[in-house]
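One letter stands for each residue in the lines below.
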Amino acid sequence: DLEAAVAMDDLIGPMGHLTVTTGVVSVRGLDVRWWKYENDSLRHRSRRPVVALHGGPAFTHNYILPLQLLADSGHAVIFYDQAGCGDSTFVKDPSKDAPWLLTIPYYVEELSRLVLGHGAGTRVCGHEAVWLAFAHPGRRAVRRAGVHQDAVARPHLDDADIHTALVAPP
């Protein structure tokens, strides 16, 4: 049994005042678990939800939980575990049972399903945001994620293109 050296409350303060809902979205027969954190006293602000993307597919969302703090600004904050890790479906032998699983098109589809399930205007950030923009170049939610439009026009993006797209102003 490992015990954390620092508790989450020590890092960001107590977050027990947030309402947490959870659910599952099914993508190609795999269950993808999500959690939504909201500050009920700030729902009247109507700020766009934020989807927090973790650096999977082999790592869970837990290390980005400090993004819960955005809920205290009126945003619903949605975390999820990509298929293959955490509380989402684990595929023991992806090459045999789900050869599409460890591909960018699958993760774009997974993120698209999650975003569409949480309504229009959801903000996404991270590498997957660029791929989502590439798959759906006209979506306002993707454009507002800070994805540079030049990156969307390129048919083949590499890591340098993705980094440029994430840091370049829209």
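Report follows, based on the coordinates. The residue numbers shown here count from 1 along each chain, following its written sequence. Given that the model is predicted, a residue must reach a pLDDT of at least 70 before its local features are reported, and side-chain atom pairs must reach 80 or more before they are shown or counted; all residues, however, enter totals for whole chains, interfaces and linings. Excluding hydrogens and water, the side-chain figures rest on all heavy atoms present in the structure.

## Quick notes on the pattern of salt bridges
By convention in these notes, a salt bridge is any Lys or Arg side-chain nitrogen within 4 Å of a carboxyl oxygen on Asp or Glu. One pass over the structure, following the stated rule, counts 2 salt bridges. Two residues, Glu109 and Arg28, come together in a salt bridge whose shortest N-O distance is 2.7 Å. In this pair, Glu109 sits in helix α3 (residues 104-117) while Arg28 sits in the loop between β1 (19-27) and β2 (30-38), placing the two residues 81 residues apart along the sequence. For every residue, the accessible area obtained with a 1.4 Å probe (protein chains only) is divided by the maximum for its type, and the residue is called buried under 20%, exposed over 50%, and partly exposed between those limits. Residue Arg28 is classed as partly exposed on the basis of its relative accessible area of 39%. What emerges from the salt-bridge pattern is a single network uniting Arg28, Glu109 and Arg113. Helix numbers and strand numbers start at the N terminus; a helix is a DSSP run of H or I with at least 4 residues, a strand a run of E with at least 2.

## Concerning the environment of Glu109
Residues Glu109 and Arg28 lie 81 residues apart in sequence; the distance between their C-alpha atoms is 9.3 Å. Any two residues having at least one pair of non-hydrogen atoms within 4.5 Å are treated as being in contact. Setting aside anything within four residues of it in sequence, one finds Glu109 in contact with Val27 and Arg28. Any N or O atom pair separated by 3.5 Å or less is treated as a polar contact, with the protein-specific requirement of one donor-capable and one acceptor-capable atom, and with residues adjacent in sequence counted only for side-chain atom pairs. Engagement of the side chain of Glu109 in a polar contact is seen with the side chain of Arg28, the distance being 2.7 Å.

## Here we look at the nonpolar core
Counting 18 residues, the largest nonpolar core has Val32, Val51, Tyr80, Leu101, Tyr106 and Leu114 as the members making the most contacts within it. For this core, the secondary structure elements donating two or more residues are β1, β2, β4 (77-80) and α3. The element that contributes the greatest number of residues to this core is α3, accounting for 5 residues. Look past the residues within four positions of Tyr106 in its chain and what remains in contact with it is Val27, Arg28, Leu30, Val32, Ala83, Trp100 and Leu101. Residue types Ala, Val, Leu, Ile, Met, Phe, Trp, Tyr and Cys, when buried and joined through side-chain atoms within 4.5 Å, form a set referred to as a nonpolar core. Judged by nonpolar contacts, the second largest core, of 11 residues, contains Tyr37, Ala52, Leu65 and Val77.

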